Amino acid sequence: MYNFEFLPLDKLLKEKYKASVIDKWTFRDILYGKGRNDYVSVSEMTEDIIQTENAVFYLINDVEVINKNCICLYSYMYPNEEHLPTISSGFCPFILFVVGLSEDGTHVEDYARWGSFGDNIFDEMGKLGLI
């Protein structure tokens, strides 16, 4: 569990990583596929990492941002010209970042990320003194 200010992280994700805020249902549909009504709570959707319903969901899918700041993990296993770069191929052409907030919404209690890219978001958070 963490306890640092939310606004600097929000600014980092939106400005440097051009993240867009999405709702939890869009997060669920992106990560698990449409029609997965068995995932209802934030805890279920985040594999029990985020324990609060007071969460903010981000999607990073800007190609320029990803190419500039991220490295494809296990690129030898992921799509080439013969495969579609979709989640069903085992490749996530995006980064999903979820932030669990305090009750008043001012502090981060937990965070998690999903995607097929290594990135420097955690390094940047460290430079800002967040973690």
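Structure: above.
Just so we're clear, the structure is a prediction, and the values are computed from it rather than from any experiment.

A. Up close: the pattern of salt bridges. Throughout the structure, instances matching the rule amount to 4 salt bridges. The residue lysine 24 makes a salt bridge to glutamate 53 at a minimum N-O spacing of 2.8 Å. One end of the pair, lysine 24, is in helix 2 (residues 24-32); the other, glutamate 53, is in the loop between helix 3 (42-45) and strand 3 (55-60), with 29 residues separating them in the sequence. Accessibility expressed as a relative area gives 47% for glutamate 53, which makes it partly exposed. A salt bridge links aspartate 38 to arginine 36, with the nearest nitrogen and oxygen atoms 2.8 Å apart. Here arginine 36 falls in the partly exposed class, since its relative accessible area comes to 30%.

B. Region of interest: the packing of aromatic side chains. Following the criterion strictly, the structure yields 5 aromatic pairs and no others. Taken together, a centroid distance of 4.2 Å and an interplanar angle of 15 degrees make the contact between tyrosine 32 and tyrosine 39 stacked. Feature note: the residues Phe4, Phe97 and Tyr111 constitute an aromatic cluster, connected by ring pairs.

C. Focus on the nonpolar core. Within the largest apolar cluster, 22 residues are counted, with the highest numbers of intra-cluster contacts made by Leu9, Ile60, Phe97 and Met125. For isoleucine 60, the contacting residues outside a window of four places in its chain are Leu13, Tyr17, Ala19, Val65, Ile66, Phe94, Ile95 and Ile121. Core analysis: the next-biggest nonpolar cluster, separate from the first, contains 16 residues, Ala55, Leu59, Cys92 and Phe94 among them.

D. Region of interest: the pairing of strand 6 (residues 107-115). By the bridge criterion, 2 bridges tie strand 1 (residues 4-5) to strand 6 in an arrangement that is antiparallel. Among the inter-strand pairings, phenylalanine 4 is bridged to a residue of strand 6, identified as valine 108. Of the strand pairs in this sheet, strand 5 (residues 95-101) and strand 6 are connected by 7 bridges, and their pairing is antiparallel. Looking at strand 6, one finds that valine 98 is bridged to alanine 112. Between strand 5 and the antiparallel strand that follows it, strand 6, lie 5 residues; glycine 105 among them carries a positive phi value of about 75 degrees.

E. Representation of unusual backbone geometry in the model. Here the phi dihedral of lysine 18 falls at roughly 50 degrees; this positive angle occurs in a residue that is not glycine. Secondary-structure assignment places lysine 18 in the loop between helix 1 (6-15) and strand 2 (20-22). Residue class for lysine 18 comes out partly exposed when judged on its relative accessible area of 46%. With a phi close to 65 degrees, aspartate 48 is a non-glycine residue in the positive phi region. If you trace the backbone, aspartate 48 turns up in the loop between helix 3 and strand 3.

F. Region of interest: helix 1. Turning to helix 1, its buried residues are Phe6, Leu9, Asp10, Leu12 and Leu13. Summarising the axial view, the buried residues of helix 1 lie within an arc of 160 degrees, below the 170-degree limit, and thus occupy one face. Exposed and facing more than 90 degrees away from the buried side of helix 1 are Leu7 and Glu15.

Conventions and cut-offs
Residues numbered from 1 in each chain as written. Predicted model: local features only at pLDDT ≥ 70, side-chain atom pairs only at ≥ 80, totals over all residues. Heavy atoms only, no water. Salt bridge = Lys/Arg side-chain N within 4 Å of Asp/Glu carboxyl O. Helix = DSSP H or I, 4+ residues; strand = E, 2+ residues; numbered from the N terminus. Buried < 20%, exposed > 50% of the residue type's maximum accessible area, 1.4 Å probe, protein only. Phe/Tyr/Trp six-rings, centres within 6.5 Å; stacked < 30°, edge-to-face > 60°. Core = buried A, V, L, I, M, F, W, Y, C linked by side-chain atoms within 4.5 Å. Contact = heavy atoms within 4.5 Å. Pairing = 2+ DSSP bridges. Arc of directions from axis to C-beta.

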